[in-house]
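Residue-level structural notes
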Amino acid sequence: MAGRGRPRGFDADAALDRAIEVFWRRGYEGASLSDLTDAMGINRTSMYAAFGNKEELFRRAVTRYALADMAYAREALTQPTAYAVIETFLRANADALTRADRPPGCLSVQGGLAEGGENGHIARFLADSRLAGEQALAARLAEAVAAGDLPADTDPVTLARYVMVVSEGNAVHAAAGADRGALHATVDIALRAVPASGAEGADWAGTGGQVP
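Quick caveat, the model's predicted, so the values are computed rather than measured.

Observations regarding the layout of surface pockets
Taken as a whole, the largest pocket encloses approximately 490 Å³ of empty space. Lining the largest pocket are 24 residues; nearest its centre among them are Met70, Ala73, Ser129, Arg130 and Gly133. Broken down by secondary-structure element, the contributors of at least two residues to the lining of the largest pocket are helix H4 (54–68), helix H5 (71–76), helix H6 (82–97), helix H7 (107–110), helix H8 (121–146) and helix H9 (156–175). If one sorts the elements of the lining of the largest pocket by residue count, H8 sits on top with 6 residues. Across the lining of the largest pocket, the residue classes break down as 15 nonpolar, 6 polar and 3 charged.

This is the structure in C-alpha coordinates:
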(Lines give C-alpha, C1' and ligand atoms only; values in the text may rest on other atoms or scores of the structure.)
Protein backbone atom coordinates (compact mmCIF):
# COMPACT_ATOMS: atom_id res chain seq x y z
CA MET A 1 0.00 0.00 0.00
CA ALA A 2 2.88 2.30 -0.94
CA GLY A 3 0.58 5.03 -2.27
CA ARG A 4 -1.65 5.08 0.75
CA GLY A 5 -2.06 8.48 2.37
CA ARG A 6 -3.69 9.69 5.51
CA PRO A 7 -7.18 8.13 5.41
CA ARG A 8 -10.35 10.16 5.68
CA GLY A 9 -11.57 10.20 9.26
CA PHE A 10 -8.07 9.39 10.50
CA ASP A 11 -8.19 8.52 14.21
CA ALA A 12 -4.83 9.52 15.68
CA ASP A 13 -5.48 7.81 19.02
CA ALA A 14 -6.45 4.53 17.35
CA ALA A 15 -3.36 4.70 15.14
CA LEU A 16 -1.22 5.40 18.19
CA ASP A 17 -2.73 2.40 19.98
CA ARG A 18 -1.71 0.20 17.06
CA ALA A 19 1.80 1.66 17.16
CA ILE A 20 1.96 0.87 20.88
CA GLU A 21 1.38 -2.80 20.16
CA VAL A 22 4.11 -2.88 17.51
CA PHE A 23 6.64 -1.25 19.84
CA TRP A 24 5.50 -3.54 22.66
CA ARG A 25 6.04 -6.70 20.66
CA ARG A 26 9.18 -5.69 18.79
CA GLY A 27 10.84 -3.07 20.96
CA TYR A 28 11.97 0.33 19.70
CA GLU A 29 14.87 -0.98 17.62
CA GLY A 30 12.95 -3.97 16.28
CA ALA A 31 9.96 -1.95 15.10
CA SER A 32 10.61 -0.85 11.51
CA LEU A 33 8.87 2.08 9.90
CA SER A 34 7.08 -0.37 7.61
CA ASP A 35 5.86 -2.35 10.62
CA LEU A 36 4.53 0.83 12.18
CA THR A 37 2.88 2.37 9.14
CA ASP A 38 1.30 -0.93 8.11
CA ALA A 39 -0.19 -1.36 11.59
CA MET A 40 -1.32 2.26 11.75
CA GLY A 41 -2.88 2.20 8.27
CA ILE A 42 -1.01 5.27 6.98
CA ASN A 43 2.05 5.95 4.87
CA ARG A 44 5.34 7.38 6.09
CA THR A 45 4.56 10.92 5.00
CA SER A 46 1.35 10.89 7.00
CA MET A 47 3.11 9.33 9.99
CA TYR A 48 5.72 12.07 9.99
CA ALA A 49 3.04 14.75 9.62
CA ALA A 50 0.92 13.39 12.45
CA PHE A 51 3.52 12.11 14.89
CA GLY A 52 6.95 13.38 13.92
CA ASN A 53 9.79 10.90 13.50
CA LYS A 54 10.01 7.37 14.88
CA GLU A 55 11.46 8.49 18.21
CA GLU A 56 8.73 11.06 18.74
CA LEU A 57 6.11 8.46 17.83
CA PHE A 58 7.59 6.13 20.43
CA ARG A 59 7.61 8.81 23.10
CA ARG A 60 3.98 9.62 22.37
CA ALA A 61 3.14 5.91 22.44
CA VAL A 62 4.75 5.52 25.87
CA THR A 63 2.91 8.59 27.17
CA ARG A 64 -0.42 7.21 25.97
CA TYR A 65 0.43 3.80 27.40
CA ALA A 66 1.19 5.37 30.78
CA LEU A 67 -2.09 7.28 30.79
CA ALA A 68 -4.31 4.39 29.71
CA ASP A 69 -2.72 1.01 30.40
CA MET A 70 -1.06 2.12 33.64
CA ALA A 71 -3.92 4.13 35.12
CA TYR A 72 -4.04 1.51 37.87
CA ALA A 73 -0.70 2.79 39.20
CA ARG A 74 -2.16 6.23 39.90
CA GLU A 75 -5.32 4.72 41.35
CA ALA A 76 -3.25 2.59 43.73
CA LEU A 77 -1.76 5.73 45.27
CA THR A 78 -5.23 6.76 46.50
CA GLN A 79 -5.62 3.70 48.72
CA PRO A 80 -5.91 4.54 52.46
CA THR A 81 -2.94 2.52 53.76
CA ALA A 82 0.56 1.76 52.56
CA TYR A 83 -0.22 -1.96 52.45
CA ALA A 84 -3.28 -1.31 50.35
CA VAL A 85 -1.29 0.97 48.02
CA ILE A 86 1.39 -1.65 47.46
CA GLU A 87 -0.92 -4.63 47.13
CA THR A 88 -3.33 -2.80 44.84
CA PHE A 89 -0.45 -1.75 42.60
CA LEU A 90 1.27 -5.13 42.45
CA ARG A 91 -1.90 -7.14 41.88
CA ALA A 92 -3.24 -4.75 39.24
CA ASN A 93 0.19 -4.83 37.64
CA ALA A 94 0.16 -8.64 37.53
CA ASP A 95 -3.25 -8.53 35.87
CA ALA A 96 -2.13 -5.89 33.36
CA LEU A 97 0.98 -7.87 32.43
CA THR A 98 -1.18 -10.85 31.45
CA ARG A 99 -4.14 -9.20 29.69
CA ALA A 100 -5.50 -11.32 26.88
CA ASP A 101 -6.00 -8.26 24.66
CA ARG A 102 -2.44 -6.97 25.03
CA PRO A 103 1.03 -8.43 24.44
CA PRO A 104 2.50 -10.04 27.57
CA GLY A 105 4.77 -7.95 29.73
CA CYS A 106 5.15 -4.18 29.86
CA LEU A 107 5.87 -1.67 27.11
CA SER A 108 8.09 0.45 29.35
CA VAL A 109 10.28 -2.58 30.09
CA GLN A 110 10.18 -4.43 26.77
CA GLY A 111 10.35 -1.36 24.57
CA GLY A 112 13.96 -0.52 25.32
CA LEU A 113 15.59 -3.85 26.12
CA ALA A 114 17.28 -4.13 22.74
CA GLU A 115 17.86 -0.42 22.19
CA GLY A 116 21.34 0.36 20.99
CA GLY A 117 22.86 3.51 19.63
CA GLU A 118 25.65 5.58 21.02
CA ASN A 119 23.71 7.21 23.81
CA GLY A 120 20.98 4.69 24.55
CA HIS A 121 18.59 7.63 24.81
CA ILE A 122 15.47 5.53 24.33
CA ALA A 123 16.48 3.23 27.17
CA ARG A 124 17.22 6.34 29.25
CA PHE A 125 13.82 7.83 28.41
CA LEU A 126 12.09 4.63 29.54
CA ALA A 127 14.20 4.43 32.70
CA ASP A 128 13.28 8.03 33.53
CA SER A 129 9.60 7.23 32.94
CA ARG A 130 9.77 4.30 35.34
CA LEU A 131 11.68 6.42 37.86
CA ALA A 132 8.90 9.01 37.85
CA GLY A 133 6.46 6.30 38.91
CA GLU A 134 8.86 5.07 41.58
CA GLN A 135 9.24 8.59 42.95
CA ALA A 136 5.47 9.06 43.11
CA LEU A 137 5.19 5.82 45.08
CA ALA A 138 8.03 6.87 47.39
CA ALA A 139 6.26 10.16 48.11
CA ARG A 140 3.05 8.30 49.01
CA LEU A 141 4.96 5.92 51.28
CA ALA A 142 6.69 8.86 52.95
CA GLU A 143 3.23 10.18 53.82
CA ALA A 144 2.45 6.77 55.35
CA VAL A 145 5.60 6.96 57.50
CA ALA A 146 4.70 10.46 58.68
CA ALA A 147 1.16 9.30 59.54
CA GLY A 148 2.40 6.29 61.51
CA ASP A 149 0.97 3.87 58.96
CA LEU A 150 4.49 2.51 58.40
CA PRO A 151 7.21 2.14 61.04
CA ALA A 152 9.19 5.32 61.65
CA ASP A 153 12.42 3.69 60.49
CA THR A 154 11.00 2.70 57.09
CA ASP A 155 12.92 4.15 54.15
CA PRO A 156 10.17 5.03 51.66
CA VAL A 157 12.61 5.39 48.76
CA THR A 158 14.06 1.91 49.29
CA LEU A 159 10.61 0.40 49.81
CA ALA A 160 9.31 2.02 46.61
CA ARG A 161 12.34 0.69 44.73
CA TYR A 162 11.65 -2.79 46.09
CA VAL A 163 8.05 -2.65 44.87
CA MET A 164 9.15 -1.53 41.42
CA VAL A 165 11.79 -4.26 41.23
CA VAL A 166 9.05 -6.82 41.90
CA SER A 167 6.75 -5.32 39.25
CA GLU A 168 9.52 -5.03 36.65
CA GLY A 169 10.70 -8.57 37.37
CA ASN A 170 7.16 -9.82 36.91
CA ALA A 171 7.04 -7.94 33.59
CA VAL A 172 10.11 -9.79 32.33
CA HIS A 173 8.70 -13.14 33.42
CA ALA A 174 5.30 -12.39 31.88
CA ALA A 175 6.97 -11.61 28.57
CA ALA A 176 8.75 -14.96 28.84
CA GLY A 177 5.46 -16.81 29.33
CA ALA A 178 4.70 -16.78 33.07
CA ASP A 179 0.96 -16.88 33.67
CA ARG A 180 -1.14 -14.66 35.91
CA GLY A 181 -1.21 -17.14 38.77
CA ALA A 182 2.57 -17.31 38.86
CA LEU A 183 2.84 -13.53 39.00
CA HIS A 184 0.32 -13.30 41.85
CA ALA A 185 2.25 -15.98 43.74
CA THR A 186 5.30 -13.74 43.51
CA VAL A 187 3.22 -10.84 44.81
CA ASP A 188 2.10 -12.98 47.76
CA ILE A 189 5.70 -13.46 48.81
CA ALA A 190 6.71 -9.87 48.12
CA LEU A 191 3.97 -8.51 50.37
CA ARG A 192 5.42 -10.37 53.35
CA ALA A 193 8.45 -8.08 53.18
CA VAL A 194 6.40 -4.90 53.49
CA PRO A 195 6.83 -3.36 56.98
CA ALA A 196 3.73 -3.62 59.14
CA SER A 197 2.60 -1.04 61.66
CA GLY A 198 -0.25 -1.41 64.11
CA ALA A 199 -3.06 -3.96 64.28
CA GLU A 200 -4.00 -3.62 60.63
CA GLY A 201 -0.45 -4.37 59.54
CA ALA A 202 -0.35 -7.40 61.82
CA ASP A 203 -3.56 -8.68 60.26
CA TRP A 204 -2.07 -8.31 56.80
CA ALA A 205 1.12 -10.09 57.81
CA GLY A 206 -0.90 -12.94 59.26
CA THR A 207 -2.74 -13.48 55.99
CA GLY A 208 0.41 -13.45 53.89
CA GLY A 209 -0.63 -10.21 52.22
CA GLN A 210 -4.02 -11.53 51.10
CA VAL A 211 -7.13 -9.43 51.46
CA PRO A 212 -9.53 -11.23 53.82
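Once the structure has been displayed, the description carries forward.
Describing empty space enclosed by the protein
If you walk through the whole model with that rule in mind, you get 1 cavity of 30 Å³ or more. The space that makes up the largest cavity amounts to roughly 50 Å³. Around the largest cavity, the lining residues are Trp24, Tyr65, Asp69, Met70, Tyr72, Asn93, Ala96, Leu97 and Gly105. For the lining of the largest cavity, the element with the highest residue contribution is H6, accounting for 3 residues. Among the residues forming the lining of the largest cavity, the class breakdown is 6 nonpolar, 2 polar and 1 charged.

Comments concerning the nonpolar core
Counting residues in hydrophobic clusters, the biggest one holds 58 residues, and the most contacted among them are Phe23, Met40, Phe51, Leu57 and Phe58. Counting residues per element, this core draws most heavily on H6, which supplies 9 residues. Discounting chain neighbours no more than four positions away, the residues touching leucine 57 are Leu16, Ala19, Phe23, Leu36, Met40, Met47 and Phe51.

About the criteria used
- Residues numbered from 1 in each chain as written.
- Predicted model: local features only at pLDDT ≥ 70, side-chain atom pairs only at ≥ 80, totals over all residues.
- Heavy atoms only, no water.
- 1 Å grid on protein atoms, 1.4 Å probe; cavity = no way out; pocket = protein on both sides within 12 Å on 5 of 7 lines; lining within 4 Å.
- Points joined across faces, edges and corners; volume = space filled by probe spheres on them.
- Helix = DSSP H or I, 4+ residues; strand = E, 2+ residues; numbered from the N terminus.
- Nonpolar A, V, L, I, M, F, W, Y, C, P; charged D, E, K, R; others polar.
- Core = buried A, V, L, I, M, F, W, Y, C linked by side-chain atoms within 4.5 Å.
- Buried < 20%, exposed > 50% of the residue type's maximum accessible area, 1.4 Å probe, protein only.
- Contact = heavy atoms within 4.5 Å.

Function cannot be inferred from these measures alone, as they are strictly geometric.
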